Every structure is written in structure tokens, then in C-alpha cells.
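Report on the structure
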Amino acid sequence: MAGNKVKVKFVCANCGAESPRWMGRCPVCGEWNTMEERTERTSSAAVQPLASLHASKNPQKLSSIETSQHGRFLLHMPEVDRPLGGGLVQGAVILLGGEPGIGKSTLVFQICRAVCEEGKSVLYCSDEESEMQIKMRADRLHVDGDRCFVMSGADLGDVLAEAKKLRPKVLVVDSIQTMYMGETASPMGSPAQIRDCTALLVRLAKEENITVLIVGHVTKEGNLAGPRLLEHMVDVVLYLEGDRSYQFRILRTVKNRFGSTAESGLFVMNREGLVGIEDPSAYLLQRRGAETAGSIVAACMEGQRAILAEIQALSVRSVLAVPRRISVGYDYNRMIVLLAVLEKRARVPFSEDDVYLNVAGGFKVRETAADLAAALAVVSVKWDAPIPRNMTAMGEIGLTGDVLPVSHVGLRLKEAMKMQMDRFLLPAGNKKEAEAFLAKQTRPVQVFYVEKVSEALAVLKRQAD
């Protein structure tokens, strides 16, 4: 046809970077042999629907723009409303990612149920399941069948047409990797298809004021599959994380144009779906055993919430030429650094020992404030010196052996005291803030302030005796 244009380019299958010629190594992500040839055909008919994007508009004063009182609505799911910044925003595009089997579709259906319970309609589109399979999942999660519309198919053009006709409050696309546009010659799931499909969904959300919830797959590295541009195009990026061996799940906010990225939602998976955890510290410590060497409670921050987690350690004489190091729930490289600091600065040798570190309950520690607790755990098991059951430690350990201060000491102490902890090992740099908080408390506690990791180990030895 006269109006058709054929364009040949090479696209990186890893990051989506484009190049007019083939290259052995992607110039953006540095991966080898990932450049794939793509042929795209564009026509005037295909470009016509996109013309509204470039429609000229006159600039307006901020004072003359009216904001709707109904621009955001609550789902009445606290562990979802919190990461979203206070509920769903009309016209927002939300990207939800997570590993296979972690519970993304379950969470999406529960959000659909909450929207339907508010008297609003939902359009659920999926090419991964048939209508009957979607119905079975919806029945298990008690989704309102009269307000929730389902559509099985991969053609995004049909999805957009139905969305404009039904005008639902929320449109769900599960998943973006299975959607395609006929105008794009790239195969389904390619970076070009994902990018173009997301662009049309973003335009639909802004023009029709429909909240769009997109489910995305992740790569083996834990990143969202497709071009990195995908995360920049949407308004909110959420990750559902957790170990499938445990019931514990965390909904983290990576990007949020309408709220804070410091919030997170905590869930436990059961037969009824994902259930929010009101007291995560009690959940994580419910199976803690008797006082023993190598076990200590660390006060961590998950967003703006303080959570107590049990750190367990085991150290045994190695029979290998290179001692084994295994870490679960705690950063592996951080553990290696801690062992080196303990050997150099505190004269506690680990070069001939196998060391295992575990955070109980499936919780993953993401901050350095748990360094002191981890160090005490591994030294405790090496010395066979039990740590008092009611002791909590917090502090970052530097390469010089210094115990550095941590943030939100008041919140951490408050949560620890709620869980009946009354012995605290704190950095000396937090002394002023901690004393100001403890002065308002009526319950007696014992606090040890340390500047060096060697001082903390001395406290551990005295407490064990």
C-alpha cells in the first residue's frame, strides 16, 4: 500500500535498546548477542488513532484547574491502600510485578472484589486463562459476578474498544507480556510490543479517566520483563515479593507519582487469598524457640513501620578448603563484610568456619541497621554464648569496626517494648534520641550504648555469663 512504511531495526531482548544496525554487544545494558532484528510496518490507518495525543491544548493557570473530590477512592484494604498512597487514583496506570506463583493474580482479584464492593465496575482482561478458569478463581475469592466483566484475548485493540464501551472504573490487563498490537510486526512479548501496548493503555487511562492495573512478569534477575522504559511510562510501580516456601508476602512501592515510596503492605497467603497482617512482629516471632546461642531479635524498618525479626546464625568447623557461606533473608555480600570486620577488628576468627545466616519467617532484611544483630548472632554461636531472649540489637557496622547510628530509633524501641523486649544494644550516636524516647516510658529497661563492635561483644559476654 502507498501509505505503508517498513522500518528495520535491531532491539535488545534484555533492555529494549534500539539500534539501526546489528551490534554484538548492547550499548546500553552491555549484554552480548541480545540484538534481534525487528521489522515494523506503520500505515496512516494505524497512526490515525494516535493523533489525539498531539492535539494542541491551550496552557491553563493552576488556579483555574478544578480537582475532583472523587479523584481517589479507598479499597478498604489497608495493606494495599497504604502502598498506593491512600487508595486508587482515577486515570492512574499501575504496574504490578512479581515472580511466578507469588500471588499477583490473587491480589489483583482481591482488588477487583474491593472495587466491586464499592459499587464500581471492573473489566478483567487476560490471555493466560480462559473465561471458565477466570470464573473459578473469581468464585474462590468471592468476586461480585455482576460488576466484574472478564475478557479472554490478546488483541489490545479489542480490549480498548470494550473498555471505551463499558467504561469500567478499573481495567486489569493480566499480563502485559501476552498482549499484542496488529500494527506492530514484532512478536508477542517483545520489547516493542510491550512498549506500544503500554503506551496505548496509558493514553486510555488519561483520556477516559479509567484506572489501569497492569500485571508484569519478572526476569530471573528480579527485574520487570521488557524495556526499562515501561517503568517510566506508568504512574505507580509495585512489586509483590516473598519466598514461596513461606506464607509471608510484602507489597513494595518502587515508584508512586501520587504518594510516598516509603510505604509497604504486609500479607500472609492462605486459602482465602492474601490477608493483611496487622501485627507483623508478632507473626514473625510467634515460632521463636527458647533462649539459645545464635538467635537474636533485630529491629528493622519496612517503609515507615518498625518490624522485629529473628536472625539465626550457625557456625561450624569447615572441612572444605574454602569455607562455605550461606545467607537466607540477609544480604550475602553484607555478611561477608561483617565476618571480615569481626576477624580484623574484634579478633574473632571465621576464616576456617562455615557460616550460615537466616532470617526466620521468610522476611528479607534490606537495611544495614541489622548489622549489629547479625554480628552478635554469629559470634554468639561461635562462643556458644546464649543471647538473652528479651534483648534487641540495632546498629550499622562500618569497615573500621565502628557501630554507626540508625534512623527511627524511637519507632524501633516502641515496637520492641510492645513485644516485651527490655534489653537494648544501641549505637552511642543514638543515645540522645533514645534517652528522649525512654524518658516518656514508665517501664524500666536496660540500655547498652556502644561505639565499637568489640564493645558490643564485651556486652554479649557479660550478658551470657
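Attention in this report is confined to the structure presented alongside it.

**Notes on the environment of Ala163**
- Within the element layout of this structure, Ala163 appears in helix H5 (residues 156-166).
- Expressed as a C-alpha distance, the spacing of Ala163 and Ile210, which sit 47 residues apart in the sequence, is 8.7 Å.
- If near-sequence neighbours (up to four positions away) are discounted, Ala163 is found in contact with Leu123, Pro168, Leu171, Leu204 and Ile210.

**Side note on the packing of H5 against helix H6 (residues 191-208)**
- Relative orientation of the contacting elements H5 and H6 amounts to 5°, with a least axis distance of 11 Å. It follows from the interaxial angle that H5 and H6 lie roughly parallel. Each of Leu156, Leu160, Ala163 and Lys164 in H5 lies in contact with H6, whose residues at this interface are Cys197, Leu200, Leu201, Leu204 and Glu208.
- Of the residues contributing to the contact of H5 with H6, the split by class is seven nonpolar, no polar and two charged.

**Description of the sheet that holds strand S6 (residues 93-98)**
- Spatial ordering of the open sheet is given by S8-S7-S9-S10-S6-S11-S12-S13-S14, a layout of nine strands whose pairing is mixed. Of all strands in the sheet, those bounded by a partner on one side alone are strand S8 (148-152) and strand S14 (273-276). Adjacent strand axes in the sheet meet at a mean angle of 25°, parallel and antiparallel pairs treated alike.
- Pairing of strand S11 (residues 236-241) with strand S12 (residues 248-256) involves six bridges; the strand directions are antiparallel. Within S12, the position partnered with Tyr239 by the bridge is Arg252.
- Here H6 sits on the sheet and contacts S6, strand S9 (170-174) and strand S10 (211-216); the angle it forms with S10, its principal contact strand, is near 160°.

**Looking at the sheet that holds strand S15 (residues 295-302)**
- On the basis of which strands lie adjacent, the open sheet formed by seven strands has the order S17-S18-S16-S15-S19-S22-S23 and mixed pairing. Every interior strand has two partners, whereas the edge strands, strand S17 (325-328) and strand S23 (446-450), have only one. Taking each pair of neighbouring strands and ignoring which way they run, the sheet shows an average axis angle of 25°.
- Pairing analysis gives four bridges linking S17 to strand S18 (residues 353-359), with the strands arranged parallel. Each residue of the ladder has a partner; that of Val328, found in S18, is Asn358.
- Across the sheet, helix H9 (residues 332-345) touches S17 and S18, and the angle it forms with S17 is around 130°.
- Against the sheet, helix H13 (residues 453-464) makes contact with strand S19 (391-393), strand S22 (423-427) and S23, and its axis sits at roughly 150° relative to S23, the strand it touches most.

The rules we used
- Residues numbered from 1 in each chain as written.
- Predicted model: local features only at pLDDT ≥ 70, side-chain atom pairs only at ≥ 80, totals over all residues.
- Heavy atoms only, no water.
- Helix = DSSP H or I, 4+ residues; strand = E, 2+ residues; numbered from the N terminus.
- Contact = heavy atoms within 4.5 Å.
- Axes fitted to C-alpha atoms, helices over the stretch in contact; angles between N-to-C directions.
- Parallel < 35°, antiparallel > 145°, perpendicular 65-115°, else oblique.
- Nonpolar A, V, L, I, M, F, W, Y, C, P; charged D, E, K, R; others polar.
- Pairing = 2+ DSSP bridges.

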